Amino acid sequence: MTDISAAGHEFTRPKQSILTASANMKRRNAAEVRFRAYGLIAIAVSLAMLAVMLFTILRDGVSSFHQATLAFPVELSAKTLDPKGNRNREEMAKVTTVGYQKVLSRALLAELEARDIGLDGLSDKDVGELISKDAAGQLRAEVLANPDLIGTTINATVLAAGRVDGFLKGRVTYETAERDNQITPDQLRLVEKLQAAGIVASKFNWTFFTNADASDQRPEAAGLGVAFLGSAYMMLMVLVMCVPVGVAASIYLEEFAPKNRWTDAIEVNISNLAAVPSIVFGILGLAIFINFAGMPQSSSVVGALVISLMTLPTIIIATRASIRAVPPSIRDAALGVGASKMQTVFHHVLPLAMPGILTGTILGLANALGETAPLLLIGMVAFVDNYPSAPPEGFLDPATALPVQVYSWASRADPAFIERSNGAIIVLLVFLVVMNVAAILLRRKLERRW
C-alpha cells in the first residue's frame, strides 16, 4: 500500500484521452502555426525588398559596363600636329586638344563621304559633336607618347559623346532630343546610319575600371580608377593599423587584464564606441587630423585613420567573443601540463579562436569599405582626376573612395552619371560579397572541433 492510497486518495480516470487535443492545446498549436507564418512572411518581405533593390540597381547599372565608340581611320597630318616637323615633344605639346578635335572631326567627315553617308542637312560642327570631348585628349596623349605616328593614318577607336551612348542604350529618344540642347533628332538619325555602317558600336567599357573621374561635359569618360586606388590604399592602412592593435587589446582585456572598475570602464567605452554614428568619427577626424595636425585634406591616410577609429571597436568585440568561446578546459589542460600563461594563450587559445578573429576582421573591413559619411567630412568627395602616386607618397595624395564616388555621381544631373553610380554600386557589392564569402571559407577551413 502506498502513502497516497493510505491517505485516502484514489486515482480517477481522466475525463479526456491524452490522444485528443484539448482546447488549450489547440490554442497553443494555433499560436505556434501563426508564429511560423509570421516568420515566413517576414523573410518573404525581406527577400522581396532585396530582390527589388538588386533588380533596380542591375537594371540601371549594367549598361554602364558598355560604352558607345566610333571607329574610323584618322590621318595624323604633320602640318597640323607638328608644323615645324622636328618631332620634338615640347613643340608638339603646344598643339592643344582643340587641334586634335579638329583632326578627328575632319577624319569622321572624310569617312562619311567615302562611304556615301549623307549628312541630312547637318553641319560639320554637328557631326563633330558626335565624338566625345575626351577623345581628343586620348589621341593627343597617344601621339605625344609615340611621335612616329605623325604623318601616318591610324584606325582609331574613340569614345562617342554621352548622348550618342544614351541613344544606343535607349536612355535618349527622339522625343527627349527635341528638348535637349546637346543632341538633335537629325544627329540621332545620323547615328543610326553610322551604326548600320559599323562605324558606331557598343563595346565592353574597360575604361570604366581604369579611367579617373570626368567633368560634367564628359560623363562617358568617367571611371573608377582613382576610387579603386583610394579604397585600396585606405583598406591597406586600416588593415595594418587595426588588426594588430585590435587583437592585442582583445588578448590583454580577455586573458591578462585584472577585473576591476578600470577594465569595466574600458569595456563599456569600447561597446559605446561601436555604436557611435560614423559621421561623428568624420567630425573627429576633421578636427584632429586636418585642423589640428595639419594633415592633407582628401588624402588616403586621413581617411584610413578615421575609418580605423570606427572599425577598431568592432574588431575588438569580435576578437574577444572568439577568445571567450574557447572552452576553459583548454586553458586548464595547458596550465596543468606546465605551460605558462603566455604559452597557453598563444599556443592553444589563439589558434582555436583564429577562425572567429579572421571572420570578425574581414567583416569589419567590409563594413569600413562601404562607409561614406566620415569620408565626406574630410573632403574625399572633391573632384579628383589625377591618380595618386605609389606608396608611401601616394598615401598623402588626394584621392577618393568607391562609396564616395557613388555619392558624387548620384548627385550630378546628367543621366549618364546616374547610370555610372549604379554601376559603381554593382562593383562595390561584388567586393563586399567576395569579402563575406572569403570570411565564410576561412572560418570553415580553420575551424577546429573540440
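Structure: above.
Residues numbered from 1 in each chain as written. Predicted model: local features only at pLDDT ≥ 70, side-chain atom pairs only at ≥ 80, totals over all residues. Heavy atoms only, no water.

## Observations regarding the packing of aromatic side chains
Inference 1: Throughout the structure, instances matching the rule amount to 9 aromatic pairs.
Inference 2: Arranged with centres 5.8 Å apart and planes meeting at 20 degrees, the rings of F65 and F209 form a pair that is stacked. Pair noted here: F65 is in the loop between α2 (23-61) and β1 (66-75) and F209 is in helix α11 (residues 207-210), with a separation of 144 residues, a long-range link.
Inference 3: When the centroid spacing of 5.9 Å and the interplanar angle of 75 degrees are considered together, the rings of F167 and Y174 count as edge-to-face.
Inference 4: Chaining the aromatic ring pairs together yields one cluster made of F65, F204, W206, F208, F209 and W409.
Inference 5: When the ring centre of F417 is taken as origin, the NZ or CZ atom of R412, which lies over that ring, is 4.5 Å away. (Phe/Tyr/Trp six-rings, centres within 6.5 Å; stacked < 30°, edge-to-face > 60°. Helix = DSSP H or I, 4+ residues; strand = E, 2+ residues; numbered from the N terminus. Lys NZ or Arg CZ within 6 Å of the ring centre and 35° of its normal.)

## Comments concerning a nonpolar patch on the surface
Inference 1: A surface patch of nonpolar side chains, about 670 Å² in accessible area, is lined by I43, L47, L50, M53, L54, L58, V62 and L429.
Inference 2: Ranked by the residues each element gives to the nonpolar patch, the list is headed by α2, at 6 residues.
Inference 3: Inspection of the secondary structure assignment puts L47 in helix α2. (Patch = residues over 30% accessible without salt bridge, like charges linked within 9 Å, V, L, I, M, F, W, Y side chains within 5 Å. Areas by Shrake-Rupley, 256 points an atom, 1.4 Å probe, with all protein chains shown as cover. Salt bridge = Lys/Arg side-chain N within 4 Å of Asp/Glu carboxyl O.)

## Structural notes on the sheet that holds strand β2 (residues 153-159)
Inference 1: Judged by pairing direction, the sheet is antiparallel, and its 3 strands sit side by side in the order β2-β1-β3 without closing on themselves. Edge positions in the sheet fall to β2 and β3 (200-204), since each of these pairs with one other strand and no more. Taken pair by pair, the neighbouring strands of this sheet meet at an average axis angle of 40 degrees, ignoring direction.
Inference 2: Where β1 lies against β2, 7 bridges are found, and the strand directions are antiparallel. Bridge pairing in β2 places P73 opposite N155.
Inference 3: Lying on the sheet, helix α5 (residues 97-114) is in contact with β1 and β2; it crosses β1 at an angle near 85 degrees. (Pairing = 2+ DSSP bridges. Axes fitted to C-alpha atoms, helices over the stretch in contact; angles between N-to-C directions. Contact = heavy atoms within 4.5 Å.)

## A few points about the environment of P219
Inference 1: With respect to the helices, strands and loops of the structure, P219 is situated in the loop between α11 and α12 (225-256).
Inference 2: Residue P219 is classed as buried on the basis of its relative accessible area, which comes to 4%.
Inference 3: In this structure, the C-alpha to C-alpha distance between P219 and F417, residues 198 residues apart in sequence, is 6.1 Å.
Inference 4: Contact partners of P219, with chain neighbours within four places excluded, come to D414, A416, F417 and R420. (Buried < 20%, exposed > 50% of the residue type's maximum accessible area, 1.4 Å probe, protein only.)

## Some points on the environment of S411
Inference 1: Looking at where S411 falls in the secondary structure, it is placed in the loop between α19 (402-410) and α20 (415-446).
Inference 2: A relative accessible area of 52% places S411 in the exposed class.
Inference 3: Sequence separation of S411 and S421 is 10 residues, and the distance between their C-alpha atoms is 9.3 Å.

## Things to note about the packing of helix α17 (residues 341-369) against α20
Inference 1: For the pair α17 and α20, interaxial distance at closest approach is 8 Å and the crossing angle is 175 degrees. As the angle between them shows, α17 and α20 are arranged roughly antiparallel. In this structure, α17 contributes M354, P355, G356, L358, T359, I362, L363, L365, A366 and L369 to the contact, and α20 contributes L428, F431, L432, M435, N436, A438, A439, L442, R443 and L446.
Inference 2: Partitioned by chemical class, the residues of the contact of α17 with α20 number 16 nonpolar, 3 polar and 1 charged. (Parallel < 35°, antiparallel > 145°, perpendicular 65-115°, else oblique. Nonpolar A, V, L, I, M, F, W, Y, C, P; charged D, E, K, R; others polar.)

## Quick word on the packing of helix α16 (residues 328-336) against α17
Inference 1: For the pair α16 and α17, the least separation of the axes is 10 Å and the interaxial angle reads 140 degrees. Handedness of the α16/α17 crossing: right-handed. Residue-level contacts link I330, R331, A334 and L335 of α16 to K341, T344, H348, V349 and L352 of α17.
Inference 2: Grouping the amino acids of the contact of α16 with α17 by side-chain chemistry returns 5 nonpolar, 2 polar and 2 charged. (Left-handed = near helix turned anticlockwise from the far one by under 90°.)

Keep in mind these values describe shape, not function.
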